[in-house]
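# Close look at the chain arrangement
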Amino acid sequence: MTGPKNLESRTKHVKATWGKHCHKVLYMSSVKTDFPTVELNVSEGRENLYWKTIRALQYIHQHHLDGANWFLKADDDTYVVVENLKYILSKFDPEKPLYMGRRFRPFISQGYMSGGAGYVLSKEALRRFVKGFHTGECTHFSTIEDMALGKCMETMKVEPVDTRDMKGRQTFHPYPLDHYVIRRQRRPRPWHMIYDYYPPIEGPNCCSDLVVSFHYIYAVQQYMLEYLTYHLRPYGYIYRFRPDESVEVDNKTNKGA
Amino acid sequence: MSERGSFMKGMILGGVFCLVLSLLGSFSPITESKMEDHHHHHVKAASKDELQQLSESRLQELNDQLQISCVIMVQPKNLVYWAAALDTWTKHCDKAEFYTSESSKALEAIDLNEKDDWVRLRKALKHAYENAGDIRWFFVAQPSTFAIIENLKYLVLTKNPEQPFYLGKTVKSGELEYVEFNGGIVLSYEALKRLVNVFQDENKCPERQSALWKLSEDKQLAVCLKFTGVFAENGEDVHGKGLFNSRSVDSLISESMDQNPNNVVKGCCSDMAVTFSSMSPNQMQVMMFGVYRLRPYGHDFHDILTFYPPKGSDND
């Protein structure tokens, strides 16, 4: 989701980095351009964010439903590791009504997914969302996009999924990495950790090795994450977390058991 | 008359000789700049082909013997950096020794009780050499440098530590080519041995410099090593990209955005980079995750070496 003001400063860098790893990417805006952007009949601005999302999902349902099984909504300041998202999705059936992201507890009894961290709708979930607006079961009752969409999901009986990895570490993140991974002194919990549906963890166990997203990632940081994810690596290093193997590297003996 | 004549002849001959020499001397910068290309040393990591030519047993031998002794020069005034280095990259050294200018109540280190940077470095290197044990490679750094020791091992894997190697990010200052301290300094056992020996020569390698001629300790190091026949060499990957960086990742990416806007990441830094510098403690924690954990599922590398994670560490 983007807008004319951000194409040069933000969206351009998304396109140059993780946008390339998507099967298909659409840049939603209020104005059609050669970027290319899709024109939605909605004005820019935070108060129009949910309208924009509704129109975007309706557009995709109308024109691109057969082009994919899963639909990711992200912002122009989100960074996504598409391969890691695919890895999670590969375990689920897109014909089931499912909804993935960073689960928050407040307001909606089954919880809702953070908008900034990016969320994914299965094909069936997208159908139900569009249907909900068609029948009036879902309405634009609030401008808070992620929470309102979560309400529609609940109404249309779309299930929220736990996207944490095998070790209970989060994959979607509504803030940059340094908000979570740094060992800090104990202090009052920041709001976003109070919102977390699952018990939040700070320090190295905050985040899965196979991370899916970070938010508030601008320009330099987009390329930095691209470099750290796909390029810079420790030669010959045996990662501690190896989800495909039944055996993990044993910390004590330092060798695979 | 003949004496004066010979004297005059001598003077003229001498004068002409001197003139010719100085003319030749004025030509030398041109020839020197051509020579410079030959004198600019590079040390590249082994290519895949070169590595594949090694037998399995030889490779195993090299893997087992390849150990790095890290020499980290700290000061209590940089306590947060010291603590960060301790909690991050230095855990991957086979041996990590911290040398401080004065003792700190918060953290343990070898107290050299010395304010002068150059004297302190000499003492630390001498101590590291004398306590080397079986270790044949030495990596000297400041705590604001972040190093990926596995990639350092990859660089020196096929190099013989009984040969003098002095590697890092090389910079030229006038006639002197030296390794920037900021980017980390790599010394083979032989280089360190020669260095410790030349420390005893007060003419070639004085301990205390006069205030007038005070060179930074990394330049001093280069001067002393040069006397022993050891020259600074730039550490590079198989593509010729520098592996040692005296700046942070952010800074290098920013620069690449200006210089290579259509190819920012590839135009920036090597995939097998060994060091980055001017990293804050928080940035180092982020790097630990970014280097040792973050990766895309399904990308497998068939690396020829194997390095296991260090014991008792949770951020890698």
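Residues numbered from 1 in each chain as written. Chains lettered and ligands numbered in written order. Predicted model: local features only at pLDDT ≥ 70, side-chain atom pairs only at ≥ 80, totals over all residues. Heavy atoms only, no water.

With an unreviewed UniProt entry as reference, chain B is termed C1GALT1-specific chaperone 1, source organism Crenichthys baileyi. UniProt annotates chain B under Sequence similarities (unreviewed entry) with the comment "Belongs to the glycosyltransferase 31 family. Beta3-Gal-T subfamily." (UniProt positions renumbered as here; feature names shortened; annotations may be inferred.)

By the naming in an unreviewed UniProt entry, chain A goes by Glycoprotein-N-acetylgalactosamine 3-beta-galactosyltransferase 1 and is assigned to Crenichthys baileyi. Per UniProt, the comment on chain A under Cofactor (unreviewed entry) is "Mn(2+)".

### Examining the UniProt feature "domain: Fringe-like glycosyltransferase" (unreviewed entry) in chain A
In the numbering adopted here, UniProt assigns the feature "domain: Fringe-like glycosyltransferase" (unreviewed entry) to residues 5–163 of chain A. A helix fraction of 36% and a strand fraction of 15% characterise residues 5–163 of chain A, whose end C-alpha atoms lie 33 Å from each other. (Helix = DSSP H or I, 4+ residues; strand = E, 2+ residues; numbered from the N terminus.)

### Examining the sheet that holds strand E8 (residues 119–122) of chain A
Residue and element names in this part refer to chain A. Taken together, four strands build an open sheet; the order of strands is E3-E8-E5-E9 and the sheet is mixed. In the strand order of this sheet, the two ends are held by strand E3 (70–73) and strand E9 (159–160), each with one partner. Here E3 runs beside E8; their pairing, made up of four bridges, is antiparallel. Among the inter-strand pairings, Leu72 is bridged to a residue of E8, identified as Val120. Across the sheet, helix H4 (residues 123–135) touches E3, strand E5 (98–100) and E8, and the angle it forms with E8 is around 90 degrees. (Pairing = 2+ DSSP bridges. Contact = heavy atoms within 4.5 Å. Axes fitted to C-alpha atoms, helices over the stretch in contact; angles between N-to-C directions.)

### Description of the pairing of strand E2 (residues 68–74) of chain B
Residue and element names in this part refer to chain B. Within E2, seven of the seven residues are buried, which leaves it mostly tucked inside the rest of the structure. Of the strand pairs in this sheet, E2 and strand E5 (residues 137–141) are connected by five bridges, and their pairing is parallel. Within E5, the position partnered with Cys70 by the bridge is Phe139. Alignment of E2 against strand E3 (residues 95–100), held across six bridges, turns out to be parallel. Within the sheet, the bridge partner assigned to Val71 lies in E3 and is Glu97. On the question of chirality, the crossover connecting E2 to the parallel E3 by way of helix H4 (residues 79–87) is right-handed. (Buried < 20%, exposed > 50% of the residue type's maximum accessible area, 1.4 Å probe, protein only. Right-handed = clockwise from strand over helix to strand, strands pointing away.)

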